[in-house]
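Chain by chain, the residues run as shown.
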Amino acid sequence: MKIHELAIKTGLTAPTIRFYEKEGLLDRRHVHRGKNNYRDYSEETIEHLMIIKRLQSVGFSLSEITELFRDYAVETLTISKGMQLIELFREKIREIEQKQIEFEQIRRTLSEMLEAKISLVNKLQNGPSA
(Lines give C-alpha, C1' and ligand atoms only; values in the text may rest on other atoms or scores of the structure.)
Protein backbone atom coordinates (compact mmCIF):
# COMPACT_ATOMS: atom_id res chain seq x y z
CA MET A 1 0.00 0.00 0.00
CA LYS A 2 1.13 3.56 -0.58
CA ILE A 3 1.96 5.98 2.23
CA HIS A 4 -1.31 7.92 1.90
CA GLU A 5 -3.38 4.79 2.53
CA LEU A 6 -1.12 3.78 5.42
CA ALA A 7 -1.50 7.24 6.94
CA ILE A 8 -5.28 6.97 6.78
CA LYS A 9 -5.31 3.48 8.31
CA THR A 10 -2.99 4.42 11.19
CA GLY A 11 -3.96 8.02 11.85
CA LEU A 12 -0.36 9.10 11.38
CA THR A 13 0.84 11.68 8.90
CA ALA A 14 2.98 10.75 5.91
CA PRO A 15 5.92 12.82 7.26
CA THR A 16 5.70 10.94 10.57
CA ILE A 17 5.78 7.59 8.78
CA ARG A 18 8.79 8.70 6.72
CA PHE A 19 10.49 9.90 9.92
CA TYR A 20 9.91 6.52 11.59
CA GLU A 21 11.47 4.83 8.56
CA LYS A 22 14.46 7.18 8.68
CA GLU A 23 14.90 6.46 12.40
CA GLY A 24 14.97 2.72 11.75
CA LEU A 25 11.56 1.89 13.20
CA LEU A 26 10.44 0.46 9.87
CA ASP A 27 12.64 -2.09 8.15
CA ARG A 28 12.51 -4.30 5.05
CA ARG A 29 9.59 -6.25 6.48
CA HIS A 30 7.54 -3.06 6.45
CA VAL A 31 8.61 -1.00 3.47
CA HIS A 32 9.75 -1.95 0.00
CA ARG A 33 11.03 0.41 -2.67
CA GLY A 34 9.78 -0.08 -6.20
CA LYS A 35 11.77 0.60 -9.36
CA ASN A 36 10.22 4.08 -9.36
CA ASN A 37 11.61 4.51 -5.78
CA TYR A 38 8.07 4.78 -4.35
CA ARG A 39 7.53 3.21 -0.97
CA ASP A 40 5.22 0.22 -0.78
CA TYR A 41 4.15 -0.75 2.73
CA SER A 42 3.10 -4.22 3.84
CA GLU A 43 -0.09 -4.92 5.77
CA GLU A 44 2.12 -5.84 8.74
CA THR A 45 3.21 -2.19 8.89
CA ILE A 46 -0.22 -1.09 10.14
CA GLU A 47 0.01 -3.15 13.32
CA HIS A 48 3.68 -2.25 13.77
CA LEU A 49 2.88 1.48 13.65
CA MET A 50 -0.05 1.00 16.03
CA ILE A 51 2.31 -0.69 18.51
CA ILE A 52 4.67 2.28 18.21
CA LYS A 53 1.78 4.68 18.91
CA ARG A 54 0.70 2.65 21.96
CA LEU A 55 4.25 2.47 23.31
CA GLN A 56 4.61 6.23 22.93
CA SER A 57 1.29 6.83 24.65
CA VAL A 58 2.52 5.03 27.77
CA GLY A 59 5.79 6.88 27.95
CA PHE A 60 8.31 5.13 25.71
CA SER A 61 10.59 7.54 23.86
CA LEU A 62 11.35 6.95 20.20
CA SER A 63 14.92 6.01 21.11
CA GLU A 64 13.63 3.39 23.57
CA ILE A 65 11.23 2.04 20.95
CA THR A 66 14.02 1.94 18.36
CA GLU A 67 16.22 0.04 20.81
CA LEU A 68 13.39 -2.32 21.71
CA PHE A 69 12.65 -3.23 18.10
CA ARG A 70 16.29 -3.46 17.13
CA ASP A 71 17.03 -5.87 19.97
CA TYR A 72 13.80 -7.76 19.41
CA ALA A 73 14.46 -8.23 15.71
CA VAL A 74 18.09 -9.28 16.07
CA GLU A 75 18.54 -12.66 17.66
CA THR A 76 22.00 -11.86 18.98
CA LEU A 77 20.79 -10.32 22.22
CA THR A 78 23.41 -10.40 24.96
CA ILE A 79 22.61 -11.17 28.57
CA SER A 80 23.65 -7.66 29.58
CA LYS A 81 21.44 -6.03 26.96
CA GLY A 82 18.62 -8.40 27.85
CA MET A 83 18.86 -7.37 31.50
CA GLN A 84 18.75 -3.69 30.50
CA LEU A 85 15.62 -4.31 28.47
CA ILE A 86 14.02 -6.24 31.33
CA GLU A 87 14.65 -3.30 33.65
CA LEU A 88 13.26 -0.89 31.05
CA PHE A 89 10.09 -2.98 30.81
CA ARG A 90 9.76 -3.12 34.59
CA GLU A 91 10.19 0.64 34.89
CA LYS A 92 7.57 1.30 32.20
CA ILE A 93 5.15 -1.09 33.91
CA ARG A 94 5.65 0.81 37.20
CA GLU A 95 5.01 4.10 35.38
CA ILE A 96 1.82 2.72 33.81
CA GLU A 97 0.61 1.42 37.18
CA GLN A 98 1.21 4.85 38.73
CA LYS A 99 -0.71 6.53 35.91
CA GLN A 100 -3.58 4.09 36.44
CA ILE A 101 -3.75 5.16 40.10
CA GLU A 102 -3.71 8.83 39.09
CA PHE A 103 -6.40 8.28 36.45
CA GLU A 104 -8.60 6.50 38.99
CA GLN A 105 -8.23 9.42 41.41
CA ILE A 106 -9.17 11.88 38.66
CA ARG A 107 -12.14 9.69 37.65
CA ARG A 108 -13.42 9.64 41.25
CA THR A 109 -13.05 13.42 41.57
CA LEU A 110 -14.90 14.00 38.29
CA SER A 111 -17.66 11.59 39.34
CA GLU A 112 -18.11 13.47 42.59
CA MET A 113 -18.22 16.79 40.74
CA LEU A 114 -20.75 15.35 38.27
CA GLU A 115 -23.00 14.13 41.06
CA ALA A 116 -22.82 17.54 42.76
CA LYS A 117 -23.78 19.32 39.52
CA ILE A 118 -26.63 16.90 38.85
CA SER A 119 -27.94 17.49 42.36
CA LEU A 120 -27.69 21.27 41.92
CA VAL A 121 -29.49 21.17 38.56
CA ASN A 122 -32.24 18.98 40.05
CA LYS A 123 -32.73 21.48 42.87
CA LEU A 124 -32.95 24.33 40.36
CA GLN A 125 -35.47 22.43 38.22
CA ASN A 126 -37.68 21.65 41.19
CA GLY A 127 -37.71 25.29 42.28
CA PRO A 128 -37.21 26.70 45.76
CA SER A 129 -38.55 24.57 48.55
CA ALA A 130 -41.22 26.05 50.82
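Position numbers for residues count from 1 along each chain, tracking the sequence in the order it is written. With pLDDT at 70 or above as the cut-off, local features in this predicted model cover only qualifying residues; side-chain atom pairs require 80 or more to be listed or tallied, and sums for whole chains, interfaces and linings still use all residues. Side-chain measures here rest on the full set of heavy atoms in the structure, leaving out hydrogens and waters.

Asks: Any chance you could break down the side chain of H30 for me, citing the residues and the numbers?
Replies: Secondary structure elements follow DSSP: runs of H or I of four or more residues count as helices, runs of E of two or more count as strands, with numbering from the N terminus. Within the secondary structure, H30 sits in the loop between α2 (14–22) and β1 (31–33). The contacts of H30, once residues within four sequence positions are left out, are L25, D40, Y41, S42, E44, T45 and H48. We call two residues in contact whenever any of their non-hydrogen atoms come within 4.5 Å of each other.

Asks: Can you explain the packing of helix α1 (residues 3–10) against α2? Please cite residues and give values.
Replies: Between N-to-C directions, angles span 0 to 180 degrees; the directions come from axes that are lines fitted to C-alpha atoms, helices contributing only their stretch in contact. The geometry of α1 relative to α2 is characterised by a closest axis approach of 9 Å and an angle of 100° between their N-to-C directions. Here α1 lies roughly perpendicular to α2, going by the angle between them. Of the residues in α2, those touching α1 at I3, L6, A7 and T10 are A14, I17 and R18. Any residue outside Ala, Val, Leu, Ile, Met, Phe, Trp, Tyr, Cys, Pro, Asp, Glu, Lys and Arg is labelled polar, Gly included; the first ten of those are nonpolar and the last four are charged. Per-class residue counts for the contact of α1 with α2 are five nonpolar, one polar and one charged. Every angle not falling under 35 degrees, over 145, or within 65 to 115 is termed oblique; those three ranges are roughly parallel, roughly antiparallel and roughly perpendicular.

Asks: Just give me the short version of the nonpolar core, but keep the residues and values in it.
Replies: Nine residue types can take part in a nonpolar core, namely buried Ala, Val, Leu, Ile, Met, Phe, Trp, Tyr and Cys, and a core is a set of them joined through side-chain atoms within 4.5 Å. The cut-offs for exposure are 20% and 50% of the maximum accessible area for each residue type, with area from a 1.4 Å probe on protein chains only; residues under the lower value are buried, those over the upper are exposed, and the others partly exposed. By size, the foremost hydrophobic cluster in this structure holds 22 residues, and its most contacted members are L6, I17, Y20, Y41, L49, I52 and I65. Elements represented by at least two residues in this core include exactly α1, α2, α3 (44–57), α4 (62–73) and α5 (79–126). Looking at this core, the element that brings in the most residues is α3, giving four residues. Setting aside residues no more than four positions away along its own chain, Y41 makes contact with M1, K2, I3, L6, I17, E21, L26, H30 and V31.

Asks: Explain the packing of aromatic side chains residue by residue, including any values.
Replies: Stacked, edge-to-face and tilted are the three classes for Phe, Tyr and Trp ring pairs, Trp counted by its six-membered ring, which pair at centre distances within 6.5 Å; planes under 30 degrees apart are stacked, over 60 edge-to-face, the rest tilted. Per the counting criterion, the structure on display carries one aromatic pair. With centroids separated by 6.4 Å and ring planes inclined at 55°, the aromatic side chains of F19 and Y20 adopt a geometry described as tilted. Of the residues examined, F19 reaches a relative accessible area of 36% and is grouped as partly exposed. Judged by its relative accessible area of 4%, Y20 is buried. In this scheme, Lys NZ or Arg CZ marks a charge over a ring once it lies within 6 Å of the ring centre and within 35 degrees of the ring normal. The side chain of K92 reaches across the aromatic face of F60, ending 5.3 Å from its centre.

Asks: Describe in detail the pattern of salt bridges, supporting the description with residues and values.
Replies: Whenever Lys or Arg places a side-chain nitrogen within 4 Å of a carboxyl oxygen from Asp or Glu, that contact is recorded as a salt bridge. Per the counting criterion, the structure on display carries 13 salt bridges. Notably, a salt bridge pairs E43 with K9, separated by 4.0 Å at the nearest N-O pair. In this pair, E43 is assigned in the loop between β2 (39–41) and α3 and K9 in helix α1, connecting sequence segments 34 residues apart. Residue class for E43 comes out exposed when judged on its relative accessible area of 53%. In this structure, the salt-bridge partner of R39 is E21, at a minimum N-O distance of 2.6 Å. Taken together, the residues R39 in strand β2 and E21 in helix α2 connect sequence positions 18 residues apart. By relative accessible area, R39 is classed as partly exposed at 21%.

Asks: Give a description of unusual backbone geometry that names residues and reports values.
Replies: A positive phi angle, close to 70°, is found at N37, a residue other than glycine. Mapped onto the elements of the fold, N37 is located in the loop between β1 and β2.

Asks: Could you give an account of the environment of Y41, naming the residues involved and the relevant values?
Replies: Looking at where Y41 falls in the secondary structure, it is placed in strand β2. The spatial distance from the C-alpha of Y41 to the C-alpha of E5 is 9.3 Å, given a sequence separation of 36 residues. Between N or O atoms, a polar contact is any pair within 3.5 Å; within protein, one atom must be a potential hydrogen donor and the other a potential acceptor, and residues adjacent in sequence are included only when both atoms are from side chains. Separated by 3.4 Å, the side chains of Y41 and R39 make a polar contact.

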